[in-house]
Amino acid sequence: MHAARDRHFVLLQGPTNLLFAKLAGRLRARGHPVDRINACIGDQLFWRGPGALDFRGRAEEWPRFVADHFDRHGVTDLVLLGEKRDRHREAIAAAHARGIAVTVTDFGYLRPDWIVVERDGLNGDSHFPRDAASILASARGLPAIDRRILYPHRPVNQALWDMGFHLSSAFFPFTFPHFRRHTLNHPLPNYLATAWRLARSPLEERRARALATRLQAGAESYLFAMQMEDDYSLRGYSRYPDLDSAMDEAIRSFAVHAPAGSQLIFKSHPLDPGLKRWQARLSRMANAAGAGERIHFMDGGDLDAMIRASRGLVTVNSTAGLRALELGRPTIALGETIYRVPGLAFAGTLDDFWTGAPKPDVDLVDAALRLMAAMLHVRGSMYDPRGIEAAADGMAYRLHHGLVNAPLAQPLLGERLALDPQ
């Protein structure tokens, strides 16, 4: 299936790398006009090529600005990172009102070297089927997932590029005077706290291993996979205003309904800056719930090993939940997520989860993961140069041929598509 040639793409904010610039080049090579709307100096840093337009107006001017651009240029496709950012939500509303196709990208549901490419939105807004029969039928004939790491994560690149994006807007706000970042905290304390956390990481890893060894030798444990509060999916796809609220709810439920003597471990997100003193916060919550000796915090540790050693995993909507399902552990998602499907994540209440959650359906987990890989992803990386090239190839292929959300044969994902017919 080949897409029509008279398509016009608009790209909004993308990741802190050159993925969108490279994607634009590949789409132009296929004959499509491509525009980019910059909202801050960080956007400018990661753009190359023609078609850039800067929006320096106030927030209330944005809906009319983007709608006028859509109308003047006959835009057919909108591509962006993270559909829950305020400007993106307003642009999506304008696009939907005009029949413009919306494609959203972000880190993959599968990790590490997968990029998600979805129609309209992720998690709660995803069009991925939510019933077992549809998943099993749609996955029939799809190949097993290629688990080789083709494009390794480059944490130094991530740190440097992310700092370049966020600090440029913080230090030069006059360039886009009305820009408001989507993150909760100012980037400078975030990065200072992250540096301190990284300096402590060897000590924290030793503590995590010691705690894991002690717990594995004693009572059974449950795992809570923490998320970054700046992750829009946490706030955008749940009823929780912050991570504390979800953690407190889990502790109170655990204290009353979990098996006597069992333990609950909270594992921090690897990129959490540590601005909140989670250990102290958890201690206060645990003591208030009367479970002070049963609640533990780990800043580090091997996620897979911790999942395997647990009776089950609790999270808001972290992709760690998918990994827990793959490893056969009962999992509950407190927010909206793509894997909140009966037979995958536990469909009952949190109070019932501790003693009543069955293991996930092995066949359904396998089918769901194969379908997610083929339907919602391309292979690539946000911070590995070769992975960025591969992601741009895969995204351009899907967009040009009208194959967003269409299951593709696995070999197409992650391969250079330079010979793709125009």
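Residues numbered from 1 in each chain as written. Predicted model: local features only at pLDDT ≥ 70, side-chain atom pairs only at ≥ 80, totals over all residues. Heavy atoms only, no water.

1. Here's the deal with the overall build of the protein chain
Assigned secondary structure in the protein chain consists of 15 helices and 12 strands. For the protein chain, the residues scored as buried account for 54% of the 422 residues in total. The long-range fraction of contacts in the protein chain, counting pairs at least 24 apart against all pairs at least 6 apart in sequence, stands at 70%. About 18100 Å² of surface is accessible on the protein chain, with carbon and sulfur atoms providing 56% of the total. (Helix = DSSP H or I, 4+ residues; strand = E, 2+ residues; numbered from the N terminus. Buried < 20%, exposed > 50% of the residue type's maximum accessible area, 1.4 Å probe, protein only. Contact = heavy atoms within 4.5 Å. Areas by Shrake-Rupley, 256 points an atom, 1.4 Å probe, with all protein chains shown as cover.)

2. Describing unusual backbone geometry
Following Arg111, the chain continues into Pro112 via a peptide bond in cis, with omega recorded as 5 degrees. You can see Pro112 is positioned in the loop between strand 5 (101-107) and strand 6 (114-119). Phi angles above zero are rare outside glycine, and Asn123 is one such case at about 45 degrees. With respect to the helices, strands and loops of the structure, Asn123 is situated in the loop between strand 6 and helix 5 (132-139). Of note, the phi angle at Asn405 is positive, near 70 degrees, even though the residue is not glycine. Mapped onto the elements of the fold, Asn405 is located in the segment after helix 15 (385-400). Judged by relative accessible area, Asn405 falls into the buried class, the value being 14%.

3. Focus on the pairing of strand 9 (residues 295-298)
Side chains of strand 9 alternate between two faces, with Ile295 and Phe297 and His296 and Met298 buried alike. For the crossover that starts at strand 8 (residues 263-267), traverses helix 10 (residues 278-288) and ends in the parallel strand 9, the hand is right-handed. (Right-handed = clockwise from strand over helix to strand, strands pointing away.)

4. Quick word on the environment of Leu223
Relative to the helices and strands, Leu223 resides in strand 7 (residues 221-225). When the C-alpha atoms of Leu223 and Arg308 are compared, they prove to be 10.0 Å apart, with 85 residues separating the residues in sequence. Discounting chain neighbours no more than four positions away, the residues touching Leu223 are Leu264, Ile265, Lys267, Leu303, Met306, Ile307, Ser310, Gly312, Leu313 and Val314.

5. Thoughts on the packing of aromatic side chains
Inspection of every chain in the model, using the stated rule, returns 13 aromatic pairs. With 6.0 Å between their ring centres and 50 degrees between their planes, Phe346 and Phe353 make a pair best called tilted. Residue classification places Phe346 among the buried residues on the basis of a relative accessible area of 16%. A residue is classified by how much of its surface remains accessible, and Phe353, at 3% relative accessible area, is buried. Here the aromatic residues Tyr222, Phe254, Phe346, Phe353 and Trp354 are joined through ring pairs into a cluster of three or more. Over the ring of Trp278 we find Arg281; its NZ or CZ atom is 5.9 Å from the centre of that ring. A cation over a ring is seen here: Arg379 above Trp114, with NZ or CZ 4.2 Å from the ring centre. (Phe/Tyr/Trp six-rings, centres within 6.5 Å; stacked < 30°, edge-to-face > 60°. Lys NZ or Arg CZ within 6 Å of the ring centre and 35° of its normal.)

6. Some details on helix 3 (residues 62-73)
For an α-helix the count is 3.6 residues per turn, leaving residues at separations of three or four pointing the same way. Helix length check: helix 3 (12 residues) gives 17 Å between terminal C-alpha atoms against 16 Å at 1.5 Å per residue, within 8%. Inspection of helix 3 places Trp62, Val66, Ala67, His69 and Phe70 among the buried residues, and these make up the whole buried set. Angular distribution of buried residues about the axis of helix 3 spans 155 degrees; they occupy a single face of the element. The first or second residue beyond helix 3 is Gly74, which carries a positive phi of 60 degrees. (Expected span 1.5 Å × (residues − 1). Arc of directions from axis to C-beta.)

7. Regarding the sheet that holds strand 11 (residues 331-333)
Taken in spatial order, the 5 strands line up as 9-8-7-10-11 in an open sheet, and their pairing is parallel. Edge positions in the open sheet fall to strand 9 and strand 11, since each of these has one partner strand only. Strand-to-strand twist of the sheet, defined as the mean angle between neighbouring strand axes without regard to direction, takes the value 20 degrees. Here 4 bridges tie strand 7 to strand 10 (residues 310-315), and the two strands are oriented parallel to one another. (Pairing = 2+ DSSP bridges. Axes fitted to C-alpha atoms, helices over the stretch in contact; angles between N-to-C directions.)

8. Some words on the sheet that holds strand 1 (residues 9-11)
The 7 strands are arranged 3-2-1-4-5-6-12 in an open sheet whose pairing can be described as mixed. If you trace the sheet from one side to the other, it starts and ends with strand 3 (52-54) and strand 12 (377-379), each paired once. Neighbour-to-neighbour, the strand axes of this sheet turn through a mean angle of 25 degrees, independent of strand direction. Bridge analysis of strand 4 (residues 77-81) against strand 5 gives 5 bridges, and the strand direction is parallel. By the bridge assignment, Asp77 is partnered in strand 5 with Ala101.

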